[in-house]
Structures are given as C-alpha cells and as structure tokens.
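# Notes for the structure review
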Amino acid sequence: MATVELRFSAQPEHVRTARLVAAAVARRAGVDEAVLDEVRLAVGEACSRAVGLHRSHGITAPVRVVLTEEEKAFSIEVGDEVPSAGAEGSSGAPGARDATDEELDSEGEDEMGLAVISGLVDDVEVTSTEEGGVIRMSWPTTPVTVVP
C-alpha cells in the first residue's frame, strides 16, 4: 500500500497543484483514464471546500490530502481542521456557535461542494469531529500490466 501525503497552506492557488498531484497518483495507481477527470474535479471541490473552511474560521494549519493506493482501490482523503458543530462553540455550550453572515454564506457553498462531490464519486464518506473534517473518496483500480 503506497501513500502520498500533501499538505498545503489554505490558499486557493494551491488547489490546482493538489488536483494535478491527485490525477498523477491516480493514473499510476491504475484508475481508469476515463475517470481521471472526475478525480480531478472531486479533489478540486474537496480542497476548495477545505480552503474555504480554513479561511472563514481563521485557521492557519495546512489542508491535508492523503492519496492511498490499495490492492483494488485508490482513495483520497481531504482533511480540514475546522471543528464540527458538535464541538464547543464560542459560547461554551456544546454545539453552539455564533454564526456571522459570511459563515452562513460559506455553509451554503459547503453544501453545494458536497453535492458536487457526491455526484462525481460513487464511494464518498464525509466525517466531522472536534478535530476537523475529512472527505474520503475512493475509486476502483485495474491492475497495471508490465510488458517486459
């Protein structure tokens, strides 16, 4: 099981780099050529979402992208460090937080990004904890035949 980990500062200009790296690693892992555009788009959406969340919450930690080549699948995890709504908010009560207009707008964009990802990827899982969120996506691979 080969793994590539990418971390980048929450700047929109780095999303393109993440997309290019994801497509290259997916191709090497044996993801079908016809699916590579979906990989690029899904990673772009997931990374843009993480960048937006970091920026709207003032988080300076890097966005994490973990690309894993498994025996019959290729998976990508995009992680942010924004605590879930169940984490303690600014008022100290579990689940409570003071939302600004900007945060409410970003929540709408967040839901739209998740809808796009769900439309692109058959196997997607979104989790969120007090430590942050992760979008895990996976695609089947075909064995790469080496010609001597």
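Keep in mind it's a predicted model, so treat the numbers as computed, not measured.

## Regarding the sheet that holds strand β1 (residues 2–8)
If you trace the 5 strands from one edge of the open sheet to the other, you get β1-β2-β3-β5-β4, paired in antiparallel fashion. The open sheet is flanked by β1 and β4 (123–129), the only strands paired with a single partner. The sheet shows a mean angle of 15° between the axes of neighbouring strands, direction not considered. Across 7 bridges, β1 lies against strand β2 (residues 63–69) in antiparallel orientation. Looking at the pairing, F8 lines up with V63 of β2. Running at roughly 175° to strand β5 (residues 132–140), helix α2 (residues 36–56) makes contact with β1, β2, β3 (73–79) and β5 of the sheet.

## Examining the confidence of the model for the protein chain
Averaged over the protein chain, the pLDDT score is 83; the fraction of residues at 70 or greater is 78%. Predicted confidence for residues 86–104 stays below pLDDT 50, and this span has 24 contacts to residues more than four positions away or in other chains.

## Some words on the pairing of β4
Two strands pair when backbone bridges link them, and β4 and β5 are joined in this way by 7 bridges, in the antiparallel orientation. In the strand pairing of β5, S128 is matched with G133.

## Comments concerning a negative patch on the surface
On the surface, a cluster of negative charge is contributed by E38, D122, D123 and E125. Locating E38 in the fold gives a position in helix α2. The exposure class of E38 is partly exposed, given its relative accessible area of 32%.

## What to know about the nonpolar core
Core analysis: the biggest nonpolar cluster contains 31 residues, and F74, I76, V78, M137 and W139 have the highest contact counts within it. Within the residue set of this core, elements represented by two or more residues are β1, α1 (15–29), α2, β2, β3, α3 (101–120) and β5. Counting residues per element, this core draws most heavily on α2, at 8 residues. What W139 contacts, discounting residues up to four positions off in sequence, is V31, V35, V39, A42, K72, A73, F74, I76 and V121.

Criteria and thresholds
Residues numbered from 1 in each chain as written. Predicted model: local features only at pLDDT ≥ 70, side-chain atom pairs only at ≥ 80, totals over all residues. Heavy atoms only, no water. Pairing = 2+ DSSP bridges. Helix = DSSP H or I, 4+ residues; strand = E, 2+ residues; numbered from the N terminus. Axes fitted to C-alpha atoms, helices over the stretch in contact; angles between N-to-C directions. Contact = heavy atoms within 4.5 Å. pLDDT = per-residue confidence, 0-100. Patch = residues over 30% accessible without salt bridge, like charges linked within 9 Å, V, L, I, M, F, W, Y side chains within 5 Å. Areas by Shrake-Rupley, 256 points an atom, 1.4 Å probe, with all protein chains shown as cover. Salt bridge = Lys/Arg side-chain N within 4 Å of Asp/Glu carboxyl O. Lys, Arg positive; Asp, Glu negative; His and termini not counted. Charge placed at Lys NZ, Arg CZ, Asp CG, Glu CD. Buried < 20%, exposed > 50% of the residue type's maximum accessible area, 1.4 Å probe, protein only. Core = buried A, V, L, I, M, F, W, Y, C linked by side-chain atoms within 4.5 Å.

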